[in-house]
Amino acid sequence: MRGVGSELDLGQYASVTVHWTTADIPDQTGRVAVITGANTGLGLETARALAAAGAQVVLAVRDLDKGAAAVDEITKTVPGGNVALQRLDLSSLADIRAAARQLGSDYPRIDLLINNAGVMYPPKSTTADGFELQFGTNHLGHFALTGLLLENLTAVRGSRIVTVSSNGHKFRAAIHFDDLQWDRGYSRVGAYAQSKLANLLFTYELQRRLVAAGAETAALASHPGASGTELMRHITFGPEAFTEAALKIAQSPAMGALPSLRAATDPAAIGGQYYGPSGFGEFRGYPKVVRSSKQSHDVALQQRLWSVSEELTGVDFPL
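Position numbers for residues count from 1 along each chain, tracking the sequence in the order it is written. Only residues with pLDDT of at least 70 are given local features in this predicted model, and only at 80 or more are side-chain atom pairs given and counted; all residues enter the totals for whole chains, interfaces and linings. As a rule here, side-chain values come from all non-hydrogen atoms in the structure, and water together with hydrogens is ignored.

The name recorded for the chain in an unreviewed UniProt entry is Short-chain dehydrogenase, from Mycobacteroides immunogenum.

Caption draft 1: Seen up close, the packing of aromatic side chains. Side-chain rings of Phe, Tyr and Trp (the six-membered ring for Trp) are treated as a pair once their centres are within 6.5 Å; stacked means planes under 30 degrees apart, edge-to-face means over 60, and tilted covers the remaining angles. Evaluated as defined, the whole model comprises seven aromatic pairs. Taking the centre distance of 5.4 Å and the plane angle of 80° together, the rings of Y121 and Y192 count as edge-to-face. With Y121 in the loop between β4 (112-115) and α4 (133-154) and Y192 in helix α5 (residues 188-212), this residue pair connects regions lying 71 residues apart in the sequence. Here's how the labels work: a residue is buried when its accessible area is under 20% of the maximum for its type, exposed when over 50%, partly exposed in between, all with a 1.4 Å probe on protein chains only. Residue Y192 is classed as buried on the basis of its relative accessible area of 6%. Pairing F143 with F317 gives two aromatic rings, centres 4.8 Å apart and planes at 55°, and the pair type is tilted. With F143 in helix α4 and F317 in the segment after α9 (299-313), this residue pair connects regions lying 174 residues apart in the sequence. For helices the rule is a DSSP run of H or I covering at least 4 residues; for strands it is a run of E covering at least 2, with both sets numbered from the N terminus onward.

Caption draft 2: The sheet that holds strand β3 (residues 82-87), seen in detail. Pairing in this open sheet of eight strands is mixed, and the strands run β3-β2-β1-β4-β5-β6-β7-β8 from one edge to the other. Because the sheet does not close on itself, it has two edges, and the strands there are β3 and β8 (287-289). The mean inter-strand angle of the sheet, taken between neighbouring strand axes irrespective of direction, is 20°. Strands qualify as paired when DSSP identifies two bridges or more between them. Pairing between strand β7 (residues 274-277) and β8: three bridges, direction antiparallel. Paired with G276 across the strands is K288, a residue of β8. Running over the sheet, helix α2 (residues 64-77) touches β2 (56-61) and β3 and is turned about 175° from β3. Contacts between residues were defined by any pair of non-hydrogen atoms, one from each residue, lying within 4.5 Å. With axes taken as lines fitted to C-alpha atoms, and helix axes fitted only over the stretch in contact, angles between N-to-C directions fall between 0 and 180 degrees. Its contacts with the sheet place α4 against β1 (32-36), β4, β5 (159-164) and β6 (217-222), and it is angled at close to 170° to β4.

Caption draft 3: Molecular detail of the nonpolar core. In this text, buried Ala, Val, Leu, Ile, Met, Phe, Trp, Tyr and Cys residues form a nonpolar core when linked through side-chain atoms within 4.5 Å. Core analysis: the biggest nonpolar cluster contains 44 residues, and L149, I175, L206 and F317 have the highest contact counts within it. Taken together, the elements giving at least two residues each to this core come down to β1, β2, α3 (93-106), α4, α5 and α9. The dominant element in this core, judged by the number of residues it contributes, is α4, at eight residues. Not counting the four nearest positions on each side in its chain, F317 is found in contact with F143, T146, G147, L150, F202, L206, W306 and E310. The next biggest cluster of nonpolar side chains, apart from the first, holds 33 residues, and it includes A47, I74, L220 and A257.

Structure representation (structure tokens):
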């Protein structure tokens, strides 16, 4: 397949749909969608749209009370929506394994896995397993969850795995193999950039492995541009933060969710594609295929990160 492990010819795969919206989502009746971090922001809007299109949506969330509130909100706006809850704490490998066992049992066939949850610019902290919080949650947590649910996904022809990255993968971004957990000095921005670059390296390597295995599951990525969500709660203005001007142009969570939704449901989307807003700087706008950094397409880097991620999580992908 073109684009696997290398940059796509964006013109070849450009859709004729200029302003893609939730109205363009095909009927999702009979499909099961698992969305991490779906109790607020982008995840909530993604869940709402998929439920409205007929999917059975599972909100995989850390806080079940907030998750229950999200279920209530969705069912109020989508009467008859099929929405369920699953506790999932991506900062704990033990919890990820428990959640994956439950999800695998409850949903033997999963059509969509949307790796949406994340943390951004927190003070230095670690996961239950001692990983730097952003790398551990944003990348390693989703890496482990995807591997543990992969057999449920590959059981469905045309299933998709969508991992949410960020334009932040381009800025101060590197995979610090000599200090992945930032023990020798912490940068909130640098750690976030590492985790978001890791999301893309993971997606492209996963897609290559799926193709090599003959699986009919596709791995794609997306980013929301600048969206006004709870993810921004740790942002403070200063040299390591968004400028006030950038925050002012942030679009709504509903608009920010469109790239993930398009990657997950557009019949024209293919594995290895990366969706983001179409406007200036990819800050806002309707979703289209966009380019990620040259570094994210480094095959050797993808493979090295994959091996390290398997070692750190103890999760081997059944491919």
